[in-house]
Amino acid sequence: MAETFTGFGQKAIPFLKALDFHQSREWFQENRDLFESELREPLGNLVETLSERFGAARLGLRGDRKKSLFRINRDVRFSKDKRPYTTHVSAILSPGGTKMEQGVFFFHLGLDACFAAVAWWQPETAMLQAMRRAIETKPEQFRKLVAVLKKGKLELGTEGAMKRMPRGFEHVVDAELSAAIRNRHFVVRQEVDQASIHTPELADILLDFVIRARPLLDWGRTIQGTIVPTPRG
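Chemist: Break down the overall build of the protein for me, with residues and values.
Modeler: Scanning the protein for helices and strands turns up 7 helices and 4 strands. By the compact-globule yardstick of 17 Å for 233 residues, the protein fits well, its C-alpha radius of gyration being 19 Å. The principal-axis extents of the C-alpha atoms in the protein amount to approximately 60 × 45 × 40 Å. Within the protein, the proportion of its 233 residues that are buried is 44%. Sequence-distant contacts in the protein: of pairs separated by 6 or more residues, those separated by 24 or more amount to 68%. Accessible surface for the protein amounts to roughly 13,400 Å². Of this, 52% is attributable to carbon and sulfur atoms.

Structural data, given as structure tokens:
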């Protein structure tokens, strides 16, 4: 039975600060119990509490402590930065409960920031093309999406947007539509007050955020349902 989330430990941020300073496997192993109790276990509890609450709200997102949590170890094989550990913990909840899906909820707790996001992040070519085409051919639906998100105090991010219009969309001159079509991702994000991470209310804050972000999930899912799978063989 999943444990209810009661908050991250008071030593969660101090642990990440110390890890950032030491960046040593020996130090980490000596302090692994602190990592587990202050960060890893609470994050697993948060994921499973949210999975239950997202399910009750019929948001179509789920996860568990085995599949949803990202490792704190960095992949340094192809990086000049050889520090062995990240200075954050993170997790993802998705329609199928895996990390390899689109239309997801993401949570990040770190020294750099604490935030939550609902995202279609780096969708495959067919999906991204379909989303762009939906903006072009059904502009009023897209404008309605933007308006509903704005009412919920959310707006689409522009991180990684193309500087030029993608091929086949050069004729779109409306500023709002052309800016959206240049997006490589469709994501809304909410900053989380660091003080709230130590309380059970964090789960309430994140549930409220996803409910307000649901129109983005629904918009993408509608488009996703129209894509004809490419035959294999």
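So much for the structure itself; the text now carries on.
Chemist: An account of the nonpolar core is requested, with residue identities and associated values reported.
Modeler: In a soluble, globular protein the nonpolar side chains are often hidden away together inside. If you look at the biggest cluster of nonpolar residues, it comprises 63 residues, and the most contacted ones within it are Phe-8, Leu-46, Phe-105, Phe-107 and Trp-219. Setting aside anything within four residues of it in sequence, one finds Phe-8 in contact with Glu-38, Leu-39, Pro-42, Leu-43, Leu-46, Phe-107, Leu-109, Ile-197, His-198 and Leu-202. Counting 5 residues, the second-largest nonpolar core is a separate cluster that includes Ala-113, Phe-115, Ala-117 and Val-187.

Chemist: Account for unusual backbone geometry, naming residues and giving values.
Modeler: In this structure, Gln-122 is a non-glycine residue whose phi angle is positive, near 50°. The phi dihedral of Lys-153 falls on the positive side, at around 65°, and the residue is not glycine. The residue Lys-153 is located in the loop between α5 (139–151) and α6 (175–181) in this model. Owing to a relative accessible area of 77%, Lys-153 belongs among the exposed residues under this scheme.

Chemist: Could you give me a rundown of helix α4 (residues 125–137), with the residues and numbers involved?
Modeler: Compared with the 18 Å implied by 1.5 Å per residue over 13 residues, the 18 Å span of α4 between its first and last C-alpha is a close match. Among the residues of α4, Met-127, Leu-128, Ala-130, Met-131, Arg-132, Ala-134 and Ile-135 are the ones counted as buried. In the core, the buried residues of α4 are packed alongside β3 (114–120), α5, α6, β4 (186–191) and α7 (201–224).

Chemist: Mind laying out the pattern of salt bridges, listing which residues take part and the relevant values?
Modeler: Side chains bearing opposite charge may pair, as long as their charged atoms lie close to each other. Counted under the stated rule, the structure contains 15 salt bridges. As a salt-bridge pair, Asp-20 and Arg-83 come within 3.9 Å of each other at their nearest N and O atoms. In this pair, Asp-20 is assigned in helix α1 (residues 12–22) and Arg-83 in the loop between α3 (32–56) and β1 (88–93), connecting sequence segments 63 residues apart. Across the pair Glu-48 and Arg-65 runs a salt bridge whose closest N-O atoms are separated by 3.4 Å. With Glu-48 in helix α3 and Arg-65 in the loop between α3 and β1, the pair connects residues that are 17 residues apart, well separated along the chain.

Chemist: Describe the sheet that holds β1, and please don't skip the residues or the numbers.
Modeler: Spatially, β1-β2-β3-β4 is the arrangement adopted by the 4 strands of the open sheet, whose pairing is antiparallel. With partners counted over all chains shown, the strands left at the sheet margins are β1 and β4, one partner each. Recorded for the sheet is a direction-independent mean angle of 15° between the axes of neighbouring strands. Strand direction decides the pairing type here: β1 and strand β2 (residues 104–110), joined by 6 bridges, are antiparallel. Bridging from a neighbouring strand, Leu-93 pairs with Phe-105 of β2.

Criteria and thresholds
Residues numbered from 1 in each chain as written. Predicted model: local features only at pLDDT ≥ 70, side-chain atom pairs only at ≥ 80, totals over all residues. Heavy atoms only, no water. Helix = DSSP H or I, 4+ residues; strand = E, 2+ residues; numbered from the N terminus. Rg over C-alpha atoms; globule rule 2.2 N^0.38 Å. Buried < 20%, exposed > 50% of the residue type's maximum accessible area, 1.4 Å probe, protein only. Contact = heavy atoms within 4.5 Å. Areas by Shrake-Rupley, 256 points an atom, 1.4 Å probe, with all protein chains shown as cover. Core = buried A, V, L, I, M, F, W, Y, C linked by side-chain atoms within 4.5 Å. Expected span 1.5 Å × (residues − 1). Salt bridge = Lys/Arg side-chain N within 4 Å of Asp/Glu carboxyl O. Pairing = 2+ DSSP bridges. Axes fitted to C-alpha atoms, helices over the stretch in contact; angles between N-to-C directions.

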